[in-house]
Amino acid sequence: NVPEDQADKLLLASWGLPKAVLDKYHSLGVVQMFEWQAECLMLGQVLEGKNLVYSAPTSAGKTLVAELLILKRVLETHKKALLILPFVSVAKEKKCYLQ
């Protein structure tokens, strides 16, 4: 569980993302995360590039965790990222979405 003093970590706005990124998420109805998603982002040194392995059912929100980790790393380090997706249709959707 997310400690009470870090409850603001459930809000996407608390993760230092640019306004344009936040606006895009908000336009899609994504304003805050589930507790387990915030917990993933707060684990160890995940935000500094350490590995994270997590599992959740289909449509539980795994992609949001991956997107936030990728976006933060790309924006902070100015390096490229490689996102591997299982289907061409999903890859095309994410390409449009992330642009």
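In this text, all values refer to a predicted model and were calculated from it rather than measured experimentally. (Residues numbered from 1 in each chain as written. Predicted model: local features only at pLDDT ≥ 70, side-chain atom pairs only at ≥ 80, totals over all residues. Heavy atoms only, no water.)

Caption draft 1: Region of the structure containing the overall build of the chain. Counting its secondary structure elements, the chain contains four helices and zero strands. Element order for the chain, N to C, with α for helix and β for strand: α-α-α-α. The C-alpha atoms of the chain give 13 Å as radius of gyration, which agrees with the globular expectation for 99 residues (13 Å, within 12%). Along the longest, intermediate and shortest principal axes, the C-alpha atoms of the chain span 40 × 30 × 30 Å. Expressed as a percentage of the 99 residues in the chain, the buried residues total 24%. Element-wise, carbon and sulfur atoms account for 57% of the exposed surface of the chain, whose accessible area totals about 7100 Å². Within the chain, one finds 12 positive and 10 negative side-chain charges whose respective centroids are separated by 14 Å. (Helix = DSSP H or I, 4+ residues; strand = E, 2+ residues; numbered from the N terminus. Rg over C-alpha atoms; globule rule 2.2 N^0.38 Å. Buried < 20%, exposed > 50% of the residue type's maximum accessible area, 1.4 Å probe, protein only. Areas by Shrake-Rupley, 256 points an atom, 1.4 Å probe, with all protein chains shown as cover. Lys, Arg positive; Asp, Glu negative; His and termini not counted. Charge placed at Lys NZ, Arg CZ, Asp CG, Glu CD.)

Caption draft 2: Structural detail: the pattern of salt bridges. Overall, the coordinates contain three salt bridges when judged by the stated rule. The shortest N-O distance in the salt bridge between D23 and K19 comes to 2.8 Å. Of this pair, D23 and K19 both sit in helix α1 (residues 19-27), four residues apart, which is roughly one turn of the helix. Its relative accessible area of 62% is what places K19 among the exposed residues. (Salt bridge = Lys/Arg side-chain N within 4 Å of Asp/Glu carboxyl O.)

Caption draft 3: Representation of α1 within the structure. Looking at α1, one finds that the buried residues are V21, L22 and Y25. Down the axis of α1, the smallest arc covering the buried residues is 95°, so these residues share one side. Turned more than 90 degrees away from the buried face of α1, the exposed residues are K19, A20 and S27. Just beyond α1, the residue with positive phi is G29, at close to 85°. (Arc of directions from axis to C-beta.)

Caption draft 4: Inspection of the nonpolar core at higher detail. Ranked by size, the top nonpolar core spans 18 residues in total, and within it L12, L17, Y25, M33, L41 and L68 carry the most contacts. Each residue touching L17, except ones within four places of it in the same chain, is listed here: L12, L22, L68, L71 and K72. (Core = buried A, V, L, I, M, F, W, Y, C linked by side-chain atoms within 4.5 Å. Contact = heavy atoms within 4.5 Å.)

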